[in-house]
Amino acid sequence: GDTVRSEPVVIAVHGGLPDRDHFSIVAGEPNLPISDKGREGTITAYVFDQYANPVPVGTVIYFTTNGGGIEGSAVTNVLGQASVVLITAEPVPEDGKVTVTARTLGKGGEPLEATTQVRFSGATRVRLIQPAHFSVMPGETQTFRFFVGDENGNPLAEGTTVTVTAAGGTIIGESSFVLSDTQSPEATQFAINFQADDEGVTPQMIIEVNSL
């Protein structure tokens, strides 16, 4: 009889079970002001198999938090991502550092876990860091370093503005700052250069903070 042949058909098969080395979560907003109760942040899990391919659509990821509230679960999309909403509310850890945990199951039912941190920033605190003691003479310039953060030493929320104004002198260089969404301690320290007038009003500086 006749021989029937066809071209080979290539079928791509990928998307295995979650792998421990390819499972992570990220906070969309690293810093949320706790003074603004009910504020929402996004937590996203990135879930891939051992070959770094997205896991099958609909893989369930479970979420818990030690601060505020969070949606209990979400399922992955075609990119291996699953997102939930974190809400600022009680309880608030004493240090303001909230740990969010994502869990799922891998090959053979192996429990997998990934964590990330979110800062619940609190009330504003301002203090002078350097110099500890000073006397600015007329015409002299002095560098001042100061702290602006919350009571736990955490940065304030994104969009916070810090403005320094002077009387009896001039601010040399940058005198206003806008905070980004960060957890870095560097975002709590600022420096300005103040030059006192030769005569007139007693030199002074005013640090104004506008934050949620």
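Bear in mind that the values here come from a model prediction, so they are computed numbers and not experimental data.

A. Fine view of the sheet that holds strand S12 (residues 161-167). Strand order in the open sheet formed by 3 strands is S14-S12-S16, with antiparallel pairing between adjacent strands. Of all the strands in the sheet, just strand S14 (176-178) and strand S16 (204-210) have a single pairing partner and so form its edges. For this sheet, the mean angle separating the axes of adjacent strands, direction not counted, is 15°. In the sheet, S12 pairs with S16 via 7 bridges, with the strands oriented antiparallel.

B. Here's a closer look at the pattern of salt bridges. Tallying each qualifying case throughout the model produces 3 salt bridges. A salt bridge links glutamate 90 to lysine 37; its shortest N-O distance comes to 3.9 Å. Pair noted here: glutamate 90 is in the loop between strand S7 (81-87) and strand S8 (97-105) and lysine 37 is in the loop between strand S2 (31-33) and strand S3 (40-47), with a separation of 53 residues, a long-range link. Residue glutamate 90 is classed as exposed on the basis of its relative accessible area, which comes to 55%. When the shortest N-O distance is used, the salt bridge between glutamate 113 and arginine 103 registers 3.1 Å. Of this pair, glutamate 113 sits in strand S9 (residues 111-121) while arginine 103 sits in strand S8, and the two are 10 residues apart along the sequence. Given a relative accessible area of 35%, arginine 103 falls into the partly exposed group.

C. The pairing of strand S11 (residues 141-150), seen in detail. As paired elements, strand S10 (residues 124-130) and S11 share 6 bridges and run antiparallel to each other. Directly across from arginine 127, in S11, lies its bridge partner phenylalanine 147. Where S11 meets strand S15 (residues 189-196), 7 bridges bridge the pair, whose relative direction is antiparallel. Looking at the pairing, glutamine 142 lines up with phenylalanine 194 of S15.

Rules used in this analysis
Residues numbered from 1 in each chain as written. Predicted model: local features only at pLDDT ≥ 70, side-chain atom pairs only at ≥ 80, totals over all residues. Heavy atoms only, no water. Pairing = 2+ DSSP bridges. Helix = DSSP H or I, 4+ residues; strand = E, 2+ residues; numbered from the N terminus. Axes fitted to C-alpha atoms, helices over the stretch in contact; angles between N-to-C directions. Salt bridge = Lys/Arg side-chain N within 4 Å of Asp/Glu carboxyl O. Buried < 20%, exposed > 50% of the residue type's maximum accessible area, 1.4 Å probe, protein only.

Everything listed here is a matter of geometry and, on its own, says nothing about what the molecule does.
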